Amino acid sequence: MPTVRFVPDSKEVRCNIGDYVLEIARSGGVDILGPCGGKASCGRCVIKIINGSNLLTYPTEEERSILGWRKLSEGFRLACRCKILSEGTVTVHVPSDSRALEHVLLVEGYLAEEFHDPLIRKIEVLVSKKGNHSVLRSLVDNLPTKDLVFDTWSIKRLSRILEDEEKKICLILHGNEVLDVRDCIDGVFGFAVDVGTTKLAGYLVDIIDGETLAATAEINPQTAYGEDVVSRITYAIKNGVEDLNKKVIEGINTMIEKTCNLAGVHPDEIYEVVAVGNTVMHHTLLGLDLRSLAFFPYTPIIKEQMYMKASDIGLNVNTGAMLFLPPLIAGYIGSDVVADILATGIHRENLKTMLIDIGTNTEIVIGTGERFLACSTASGPAFEGAHVKFGMRAAKGAIDRVEISRDGDVSYTVIGGGKPMGLTGSAVIDAIAELYDVGIIDKTGRFCQGRSRRLRIGEEGYLEFVIAYGDETALGVDIVITQKDVREIQLAKAAIRTGINILLKKVKMDERELENIYVAGAFGFFINPVSAIKIGMFPNFNLDKIRLVGNTAGMGAKMMLLSKKIRDEAVELVKQIEYVELATETGFQSEFIKSISLSEDL
C-alpha cells in the first residue's frame with residue numbers, strides 16, 4: 001500500500017493508488033491550505049517532493065503555469081495535482097507558506113440593546129430519602145413548580161448524587177424540562193457560536209448573570225474543502241457531507257475547550273448552545289444532505305427554528321445540554337443575518353436602513369421602515385486573499401493598509417509590524433482605490449503604462465504594480481498587485497454593488513436617503529469605506545451614516561442565548577423579510593456588468 005510521509009510533521013499516511021496528495025494530507029490531519037477546493041486555481045497548496053517523485057504523476061499544465069519550470073525542477077508541486085501512481089513511500093515537505101497562519105479573527109461586534117430572560121434556570125431544592133414516597137416525589141413536592149419533565153439522563157443523575165438521607169441539590173432547567181440534576185454549583189453556562197464560511201467565533205457566557213467570560217475564534221476547518229459554499233456543496237455531492245460535518249464540529253469543540261480553559265469552567269457546566277450561520281453552514285453542522293441547495297430554487301431541508309440535544313451532533317458539553325438553531329431566511333441567507341438584524345436593532349428603528357455583512361458570501365438587507373428585503377451575493381474569497389497573487393487573510397505579517405501618492409510612492413502598515421508577507425483584502429481594495437485615484441489604473445480596471453516606475457511587466461507577461469520590493473519583504477521577493485488581482489476584486493465588488501443597487505431599485509430609494517448603513521462582518525470591520533466608495537463597491541453613501549459594526553452575527557447569537565424574548569423576535573422577524581433572488585431579477589446581468597467598472601457613479 002502506498003505511503004506519504006509529511007515533514008516536518010513526522011506523519012506517515014497510508015493511501016491508495018489514484019489518491020491526490022492534498023486528499024491524503026487532509027485524511028492524515030496535515031494542515032495544507034486549499035482555498036479553491038482542489039481546482040488548481042489558487043496556487044496555495046504548494047509542497048516540495050523530497051523523495052519518491054517517480055511515484056507521482058507528471059506536472060500538469062496548471063502546475064507549469066502557476067509554479068514555472070524553475071520551481072518544478074526544484075521539486076515543488078501543487079498538492080491538489082499530485083496523484084499517487086504506484087506502491088512505495090513519497091516524502092513531502094509542507095512549507096510554512098502553505099499552512100494556515102495565526103490569524104487576526106474578529107469576535108467583538110456592536111450590540112444595540114441587551115436582554116436577559118434565559119430559558120435556562122437553576123433551582124436549588126432539598127431532597128430526602130425519608131418517608132413513604134419516592135425520591136422523585138420528594139423532590140417535586142419541594143419545588144415551586146410541579147409540571148417538570150424528567151428524561152432518563154436526569155433520573156440517572158438524581159440516583160447517583162443521593163449519598164445522604166437528605167441533601168440540597170441543583171436542578172438545571174430548560175423551560176420545564178430538567179436537563180441535569182447535580183450537586184449545587186455557582187455558575188450555569190452557555191456557548192454562542194457564529195458558524196461563518198471562513199471563520200468561527202465562539203462565546204462562553206454565564207447564563208445566570210449574562211456576563212461573557214471568554215471569546216475566541218478559529219478558521220473554519222472546512223476551508224480545506226474550499227473557501228466558498230459552492231465548493232463545499234460540490235464536495236458534499238461528490239463525497240458526502242460527513243467530512244464537512246466532522247470538521248465544523250471539531251472547530252466548535254476546539255473553541256469550547258479554549259474558552260473553558262480561559263474561564264476555568266468545565267464543559268460539563270455548559271447547558272445550552274446557540275449556533276447561527278448561513279444555510280450551508282447550518283446544514284453541514286447538522287450533517288444534512290446539501291443537494292437541495294445546489295440547484296434552483298435552492299430549497300433548505302429545514303428553515304424553522306430547532307431545539308435538540310447538543311450531544312446528538314457531537315458537541316462536547318453537558319450530556320443534557322440543548323442546542324438552539326434559529327430560523328433561516330432562504331437557501332442562501334441563514335440565521336446569521338437574523339442575528340445581525342437583532343444585534344443592530346434595525347427592526348426596531350423604523351428608519352431607512354441598510355445592513356451589509358461582507359464575507360465570502362455577502363448578505364444585504366434593506367429596511368424602509370415598513371418592510372425588509374434581503375439578498376445574498378457570491379462575493380467569493382478574494383476579500384480573504386484567495387485568487388490574489390500575494391493575498392492572505394488578516395494575520396501577522398499581512399499588509400492591511402496602503403496609501404499611494406501622486407508620484408506613485410507607496411506607504412503601508414503591517415499587522416504585528418515587521419516585514420510584510422502578503423496583502424489582506426482590505427489592503428488590496430485600498431491599493432486599487434489609490435491606483436485609480438492617481439490615474440495608474442483607469443475606469444475599466446486596466447493599468448496605464450508609463451504612469452509609475454513601480455509599474456512593470458511581470459513574469460507572466462502582464463502588467464503589475466509593486467507594493468513592496470523584495471529587500472523589504474519577509475519573502476525576499478516583490479509583493480505586487482497584478483492585473484489579474486484587479487480583475488478578481490472587480491468581480492467581487494461588482495457582486496456586492498449589484499445586490500445593493502437591485503435592492504435600492506426595488507424599494508425605489510436613493511442611497512443618499514439611507515439614514516443608517518451598517519457594515520458587518522470581520523472583513524467589513526477592517527475595510528476603508530472611502531476606498532470602497534472610490535472603486536464602486538459601495539454607492540456614494542453619506543460617510544457619516546456608515547457604521548462598521550464588526551461581528552454582529554456573534555452578538556446576535558449571544559442575545560438569543562440569553563433571551564427567550566429575542567428568540568421569539570427572531571421567529572417573527574423571518575416572517576417579515578422578503579427574500580430577493582438576484583439571478584432571477586430583470587436586469588441582473590446588465591447591472592452586474594455595469595458594476596465591474598471602477599467608478600463611484602454606477
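Definitions and cut-offs
Residues numbered from 1 in each chain as written. Predicted model: local features only at pLDDT ≥ 70, side-chain atom pairs only at ≥ 80, totals over all residues. Heavy atoms only, no water. Pairing = 2+ DSSP bridges. Helix = DSSP H or I, 4+ residues; strand = E, 2+ residues; numbered from the N terminus. Contact = heavy atoms within 4.5 Å. Axes fitted to C-alpha atoms, helices over the stretch in contact; angles between N-to-C directions. Phe/Tyr/Trp six-rings, centres within 6.5 Å; stacked < 30°, edge-to-face > 60°. Buried < 20%, exposed > 50% of the residue type's maximum accessible area, 1.4 Å probe, protein only. Polar contact = N/O pair within 3.5 Å; in protein donor to acceptor, adjacent residues only side chain to side chain. Core = buried A, V, L, I, M, F, W, Y, C linked by side-chain atoms within 4.5 Å. Parallel < 35°, antiparallel > 145°, perpendicular 65-115°, else oblique. Nonpolar A, V, L, I, M, F, W, Y, C, P; charged D, E, K, R; others polar.

## Regarding the sheet that holds strand 20 (residues 410–414)
Think of a sheet as strands paired side by side through backbone hydrogen bonds, with each pair either parallel or antiparallel. Sheet architecture is open: 3 strands sit in the order 20-19-21, paired in mixed fashion. For this open sheet the edge positions go to strand 20 and strand 21 (422–423), each flanked by a neighbour on one side alone. Pairing analysis gives 5 bridges linking strand 19 (residues 398–404) to strand 20, with the strands arranged antiparallel. For Ile404, the partnering residue across the bridge sits in strand 20 and is Val410. Contacts from helix 10 (residues 425–437) reach strand 19 and strand 21, with the element oriented near 10 degrees to strand 19.

## Things to note about the sheet that holds strand 22 (residues 455–457)
With antiparallel pairing, the 3 strands of this open sheet are ordered in space as 22-23-24. The sheet terminates laterally at strand 22 and strand 24 (479–482), the two strands that pair on one side only. Neighbour-to-neighbour, the strand axes of the sheet open up by a mean angle of 40 degrees, direction not taken into account. Taken together, the 4 bridges between strand 23 (residues 463–468) and strand 24 define a ladder with antiparallel strand orientation. Within strand 24, the residue paired with Ala468 across the bridge is Ile479.

## Overview of the packing of aromatic side chains
Taken as a whole and assessed by the stated rule, the structure comprises 6 aromatic pairs. Their ring planes at 50 degrees and their centres at 4.5 Å tell us that Tyr225 and Tyr235 sit as a pair that is tilted. One end of the pair, Tyr225, is in the loop between strand 12 (212–219) and helix 5 (229–239); the other, Tyr235, is in helix 5, and 10 residues separate them in sequence. For the pair formed by Tyr225 and Tyr235, the shared burial category is buried. Pairing Tyr307 with Phe324 gives two aromatic rings, centres 4.8 Å apart and planes at 35 degrees, and the pair type is tilted. A residue pair is termed long-range when its members are at least 10 positions apart, and Tyr307 in strand 14 (residues 306–309) and Phe324 in strand 15 (residues 322–325) qualify at 17 residues.

## Thoughts on the pairing of strand 15
The side-chain alternation of strand 15 yields two buried faces, one formed by Met322 and Phe324 and the other by Leu323 and Leu325. Pairing geometry for strand 13 (residues 270–277) and strand 15, over 3 bridges, is parallel. Each bridged residue has a counterpart across the sheet, and for Val274 the counterpart in strand 15 is Phe324. Pairing of strand 14 with strand 15 involves 4 bridges; the strand directions are antiparallel. By the bridge assignment, Met306 is partnered in strand 15 with Leu325.

## Observations concerning the environment of Tyr58
Locating Tyr58 in the fold gives a position in the loop between strand 3 (46–51) and helix 2 (61–73). On the basis of relative accessibility, which here comes to 74%, the residue Tyr58 falls in the exposed class. Sequence spacing of Tyr58 and Met559 is 501 residues, and the spatial spacing of their C-alpha atoms is 54 Å. For Tyr58, the residues in contact, after removing those within four places along its chain, are Glu63 and Arg77.

## Things to note about helix 5
Of all the residues in helix 5, the buried ones are Val229, Ser231, Arg232, Ile233, Tyr235 and Ala236. Residues of helix 5 that are buried make contact with helix 6 (242–263) and helix 7 (279–286). Capping of helix 5 at its N-terminal end is provided by Asp228; its side-chain oxygen lies 3.1 Å from the backbone amide nitrogen of Val230. Among the residues trailing helix 5, Gly240 stands out with phi positive, at a value near 90 degrees.

## Examining the nonpolar core
Core analysis: the largest hydrophobic core is formed by 62 residues, its most contacted members being Ile356, Phe447, Met537, Phe538 and Phe541. Per element, the largest residue contribution to this core is 8 residues, and it comes from helix 11 (residues 483–506). Leaving out residues up to four positions away in the same chain, Phe541 has contacts with Met354, Ile356, Ile500, Glu511, Arg512, Leu514, Ile517, Ile533 and Ile546. In this structure, Tyr203, Ile333, Ala343 and Val549 belong to the second largest nonpolar core, which totals 45 residues.

## Some remarks on the packing of helix 8 (residues 335–344) against helix 14 (residues 552–562)
Direction vectors running N to C along helix 8 and helix 14 enclose 80 degrees, while the axes themselves pass 7 Å from each other. The angle between helix 8 and helix 14 falls in the class roughly perpendicular. Here helix 8 contributes Asp336, Ala339, Asp340, Leu342, Ala343 and Thr344 to the contact with helix 14, which in turn contributes Thr552, Ala553, Met555, Gly556, Ala557, Met559 and Met560. For the contact of helix 8 with helix 14, a count of residues per class yields 8 nonpolar, 3 polar and 2 charged.

## Considerations on the pairing of strand 5 (residues 89–93)
When strand 1 (residues 3–7) meets strand 5, the two strands line up parallel, connected through 5 bridges. Paired with Val7 across the two strands is His93, which belongs to strand 5. Sheet topology note: the strand 3/strand 5 ladder contains 3 bridges and is antiparallel. In the sheet register, Ile49 faces strand 5, and the bridge partner there is Val92.

## So, the side chain of Glu272
Structurally, Glu272 is set in strand 13. Side-chain polar atoms of Glu272 contact the side chain of His174, separated by 3.1 Å. Not counting chain neighbours up to four residues away, the residues in contact with Glu272 comprise Ile120, His174, Phe189, Gly190, Phe191, Tyr307, Ala321, Met322, Phe324, Leu561 and Arg567.

## Considering helix 7
Two residues of an α-helix separated by three or four positions point the same way, owing to the 3.6 residues in each turn. A large share of helix 7 lies buried, amounting to 8 of its 8 residues. Those residues of helix 7 not exposed but buried are Thr279, Val280, Met281, His282, His283, Thr284, Leu285 and Leu286. In this structure, the buried side of helix 7 is in contact with strand 10 (189–195), helix 5, helix 6, strand 13, strand 14 and strand 15. The N-cap of helix 7, judged by a side-chain oxygen 3.1 Å from the amide nitrogen of Val280 a few residues on, is Asn278.

This is a description of form; function is not addressed.
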